[in-house]
Amino acid sequence: MDMATKQFLLICFAGCFSPLCGYPSGGISDACDTMLPVHGNSRTQTSTAPYSITVSADKFNPGDTIKVTIRTDSSSFKGFLLEARSIGGDRILGTFTVTDPNTQGLSCSGGPNSAISHTSATAKTQVTANWKAPIGAGPVRFTATVLQSYSIFWSQVQSPTVMSAQITNITCASQKFCFSDPPDCNPDNNSCLFMSSVPSTDGFVFEMSGPTSGYLAIGFSDDKYMGNDDIYICTRNSSGIITVQQAFSTGRVSPTLRNTSSVESAEASYVDGVLKCLFITQSSISTQARASTASSYYIFLANGPSQANGQILEHTQIPLITENKVDLSSFASSSAQTGTSPVILVHGALMLIAWMTTGSIGMIMARYLKNVGKQPVLGKAAWFLAHFFLMVLTVALTLIAFIIIFVEVDGWSSDTGAHPVLGCILMILSFLQPFAALFRPDPKSERRFIFNWAHSLNAFVIKILAVATIFLGLQLIDTTPNQWMAKVMGGFVAWEVLFYIILEANMRLKSKGTYEDLDNKMHSESLALFVFIFGNLAFLISLLVGIRGS
């Protein structure tokens, strides 16, 4: 045998004990991340693996021990690498305790003994080990690569999902995205509304926790308004059964439920008034109107009551909304915008001031209180100048409210029902009213009565539209169970109707000459104006306080 042949055989012989031919002693820490053996050109098998992984429990708390077993369905195996991998983030979690002479612990990214492997290449039909759950771990799957021989092996042999029985904020901002109120609150606290998410292979791992006996919901939206939003709802019915479903919202109506197969491995509990749900989704988030490649959303978080059959009702408080869009592929934290947007509240306040004070007072002065201000000012009766000023101010307030809300919502919001439609009509008619008054005919003109009727009719229509628009607007921002702000508005309408009836009767009596004392007439009208303004301000202030707290 010549020297060249000897050298070739020596290289081949040495190679059989090198990393290229495997690690019969199981010291394979270098393969922790990929879980693939260093076997040259060998490739993982694509057929169904003749091996399986079983676990002694389907859920865990921090510190719990779970027995994990790799067993063969037919053929024996010589080598293996076993790890506990997080569903979201694919991190190596927990530690193993060796209980089988055919296993040994390995030091991987999860620390010492965060994986186990074989100790020799002897044929095996089963190996076992105990895994200890760490603090803050979410759902896991035990994943193994199993070698039947040097060139035949199967990777991604997996156990069923093992769910965490506890929701924590320990790994927020480092290993998962979290959103809560109060910020950084403990999900076990009965005053904490909490959610978290971690991207998984096909969807997300979500956690929800909050004080409710009804439901919790997470919504994903292109804007800060309900409509065209993906929603996940965790609901508890009267029998105590908790379900998790995916739904789609089209506005302020009950969302449409989607295929329940999109949610798997749900773990839920209701203890001491706190509802908790941890689940894995199998579908991507879609708001229908968005491009499929977009990954950032405004996140809504809400809780509320449910009916006996589990049908959800309107949430009991304004949902939490992230201040900015959130990229769910990152773990960056986000602060909450609690309550209704300040711009929306300003819009509502301006509309209330315009149509509960300036507009109402301006209208009532023009029809019933001309005797209060007959004195000429700048060539015009004082009542007329007061009426004109108040109505111009009303139009200006309405115009400002109109502009700022359209800037805030960046166009038309489809989830607010008839409110914006009525608002637009109101704005147009209000804008025309003072300009039409500039071209009114002379009081002695035979056509003056046409203007008077048209002007009065338009004012009446504007008033009706203003009341209806405010009613709908209050319903949009008032999420209290009894909708008290709409009821206060109803009281205001009744108050104004009563006053109009009284003043109309007073005017009819005057026209018949029932009152002869002019000074007494003016005194009574001045008193009526004062009472009217005082009552309107009382209703206005109560509603302004209400929307400030929304």
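Residues numbered from 1 in each chain as written. Predicted model: local features only at pLDDT ≥ 70, side-chain atom pairs only at ≥ 80, totals over all residues. Heavy atoms only, no water.

When you go through the protein residue by residue, the secondary structure sums to seven helices and 26 strands. Looking at the protein residue by residue over its 550 residues, the buried ones come to 45%. Partitioning the intrachain contacts of the protein with sequence separation of at least 6 by distance along the chain shows that 64% fall at a separation of at least 24. Summed over its atoms, the accessible surface of the protein is roughly 26,800 Å², and 60% of this surface lies on carbon and sulfur atoms. (Helix = DSSP H or I, 4+ residues; strand = E, 2+ residues; numbered from the N terminus. Buried < 20%, exposed > 50% of the residue type's maximum accessible area, 1.4 Å probe, protein only. Contact = heavy atoms within 4.5 Å. Areas by Shrake-Rupley, 256 points an atom, 1.4 Å probe, with all protein chains shown as cover.)

The full count for this structure, using the stated rule, is 20 aromatic pairs. Between tryptophan 383 and phenylalanine 384 the ring centres are 5.9 Å apart and the planes differ by 90°, which places this aromatic pair in the edge-to-face class. Judged by relative accessible area, which is 17%, tryptophan 383 ranks as buried. For phenylalanine 384, a relative accessible area of 16% corresponds to the buried category. On the numbers, 6.5 Å between centres and 45° between planes, the contact of tryptophan 495 with phenylalanine 539 is tilted. Placement of the pair is tryptophan 495 in helix H6 (residues 484-511) and phenylalanine 539 in helix H7 (residues 518-548), with a sequence separation of 44 residues. Judged by relative accessible area, which is 21%, phenylalanine 539 ranks as partly exposed. Here the aromatic residues Phe204, Phe206, Phe220, Tyr232, Phe279 and Tyr297 are joined through ring pairs into a cluster of three or more. Above the ring of tyrosine 270, the side-chain terminus of arginine 236 is found at 4.1 Å from the ring centroid. (Phe/Tyr/Trp six-rings, centres within 6.5 Å; stacked < 30°, edge-to-face > 60°. Lys NZ or Arg CZ within 6 Å of the ring centre and 35° of its normal.)

Our focus in this paragraph is the nonpolar core. By size, the foremost hydrophobic cluster in this structure holds 33 residues, and its most contacted members are Trp355, Met489, Leu543 and Ile547. Among the elements of the structure, helix H2 (342-368), helix H3 (382-409), helix H4 (419-438), helix H5 (448-477), H6 and H7 are those that each provide at least two residues to this core. Per-element tally for this core: the top contributor is H2, with 10 residues. Beyond its immediate chain neighbours, meaning those up to four positions away, leucine 543 contacts Leu352, Met356, Leu474, Met485, Val488 and Met489. Tyr51, Val68, Phe96 and Ala144 belong to the second largest nonpolar core, which has 26 residues in total. (Core = buried A, V, L, I, M, F, W, Y, C linked by side-chain atoms within 4.5 Å.)

Right, let's get into the pattern of salt bridges. Following the criterion strictly, the structure yields six salt bridges and no others. A salt bridge links arginine 85 to glutamate 83; the shortest N-O distance between them is 2.8 Å. When its relative accessible area of 0% is taken as the criterion, glutamate 83 is described as buried. Measuring nitrogen to oxygen at the nearest pair gives 2.7 Å for the salt bridge that ties glutamate 207 to lysine 176. Here glutamate 207 is found in strand E14 (residues 204-211), whereas its partner lysine 176 is found in the loop between strand E11 (163-164) and strand E12 (177-181), with 31 residues between them in sequence. For the pair glutamate 207 and lysine 176, a shared accessibility class is recorded, and that class is buried. Linked through salt bridges whose partners overlap, the residues forming this network are Glu83, Arg85 and Asp90. (Salt bridge = Lys/Arg side-chain N within 4 Å of Asp/Glu carboxyl O.)

In this section: the environment of glutamate 496. Note on placement: glutamate 496 falls in helix H6. A relative accessible area of 4% means that glutamate 496 is categorised as buried. Glutamate 496 has contacts with Ser360, Lys463, Phe532 and Asn536, leaving out every residue within four places of it along the chain. Of the polar contacts made by the side chain of glutamate 496, one reaches the side chain of asparagine 536; its length is 3.3 Å. (Polar contact = N/O pair within 3.5 Å; in protein donor to acceptor, adjacent residues only side chain to side chain.)

Reading across the sheet, the five strands line up as E12-E13-E14-E20-E19 and stay open at both edges, with antiparallel pairing between neighbours. Strand pairing shows two members of the sheet lacking a second neighbour, E12 and strand E19 (263-271), which therefore form its edges. On average, each strand axis in the sheet is inclined to that of its neighbour by 10°, with strand direction left out of account. Relative to strand E20 (residues 274-281), E14 is paired through seven bridges, and the arrangement is antiparallel. From the neighbouring strand, phenylalanine 206 faces E20, where its bridge partner is phenylalanine 279. (Pairing = 2+ DSSP bridges. Axes fitted to C-alpha atoms, helices over the stretch in contact; angles between N-to-C directions.)

As a further point, take the sheet that holds strand E5 (residues 95-98). One open sheet accounts for four strands, arranged E1-E3-E8-E5; its pairing is antiparallel. Edge positions in the sheet fall to strand E1 (51-55) and E5, since each of these pairs with one other strand and no more. This sheet shows a mean twist of 30° between the axes of neighbouring strands, independent of strand direction. Of the strand pairs in this sheet, strand E3 (residues 65-72) and strand E8 (residues 126-132) are connected by seven bridges, and their pairing is antiparallel. Across the sheet, threonine 65 pairs through a bridge with lysine 132, a residue of E8.

To continue, consider the environment of glycine 423. Inspection of the secondary structure puts glycine 423 in helix H4. Since its relative accessible area comes to 16%, glycine 423 is described here as buried. The spacing of glycine 423 and alanine 466 is 43 residues in sequence and 7.7 Å in space, taken between C-alpha atoms. Filtering out sequence-adjacent residues up to four positions away, glycine 423 remains in contact with Phe402 and Thr469.

Aspartate 181 connects to proline 182 through a cis peptide bond whose omega is 0°. Within the secondary structure layout, proline 182 lies in the loop between E12 and strand E13 (193-199). Phi angles above zero are rare outside glycine, and methionine 35 is one such case at about 60°. Relative accessible area serves as the criterion here: at 4%, methionine 35 is assigned to the buried category. Despite not being glycine, aspartate 184 has its phi angle at roughly 60°, a positive value.

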